[in-house]
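# Overview (structure and organization)
Residues per chain, in single letters:
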Amino acid sequence: MLHPDPVWIVSEMYGNEDGSVPATFEILYMIGWKPHESQAKPAKRGSATVSFGDLSKISRPSSTEES
């Protein structure tokens, strides 16, 4: 007997004994962006006053909790 109902077909092929059908979902987040003349322009190359290499020299705040 042929069943053209896709829900029945999927439940027969992939369904569990309790009647549930396991499913996996993939959620994609996207954002759109378009340049506008009112946006800030990037600084000239080489105009930085701090090096990324200096970031490792920054001390972390000490914890106020004592173990």
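Note that the coordinates shown come from a computational prediction; the quantities given were computed from them, not determined experimentally.

## Concerning the overall build of the chain
What the chain contains, in helices and strands, is one helix and zero strands. Looking at the 67 residues of the chain, the share that counts as buried comes to 0%. Total accessible area computed for the chain in this model is approximately 7,800 Å², and 58% of it derives from carbon and sulfur atoms.

## Re a nonpolar patch on the surface
Nonpolar side chains collect at one region of the surface, where Trp8, Ile9, Val10, Met13, Tyr14 and Val21 lie side by side and expose about 540 Å² of accessible area between them. Considering the arrangement of structural elements, one finds Val21 in the segment after helix H1 (6-14). Overall, the relative accessible area of 37% leaves Val21 in the partly exposed class.

## So, the pattern of salt bridges
Any two side chains of opposite charge can pair, on the condition that their charged atoms come close. Using the criterion set out here, one finds one salt bridge in the structure. For Lys57, the salt bridge goes to Asp54, with nearest N and O atoms at 3.5 Å. Its relative accessible area of 32% is what places Asp54 among the partly exposed residues.

Rules and cut-offs
- Residues numbered from 1 in each chain as written.
- Predicted model: local features only at pLDDT ≥ 70, side-chain atom pairs only at ≥ 80, totals over all residues.
- Heavy atoms only, no water.
- Helix = DSSP H or I, 4+ residues; strand = E, 2+ residues; numbered from the N terminus.
- Buried < 20%, exposed > 50% of the residue type's maximum accessible area, 1.4 Å probe, protein only.
- Areas by Shrake-Rupley, 256 points an atom, 1.4 Å probe, with all protein chains shown as cover.
- Patch = residues over 30% accessible without salt bridge, like charges linked within 9 Å, V, L, I, M, F, W, Y side chains within 5 Å.
- Salt bridge = Lys/Arg side-chain N within 4 Å of Asp/Glu carboxyl O.

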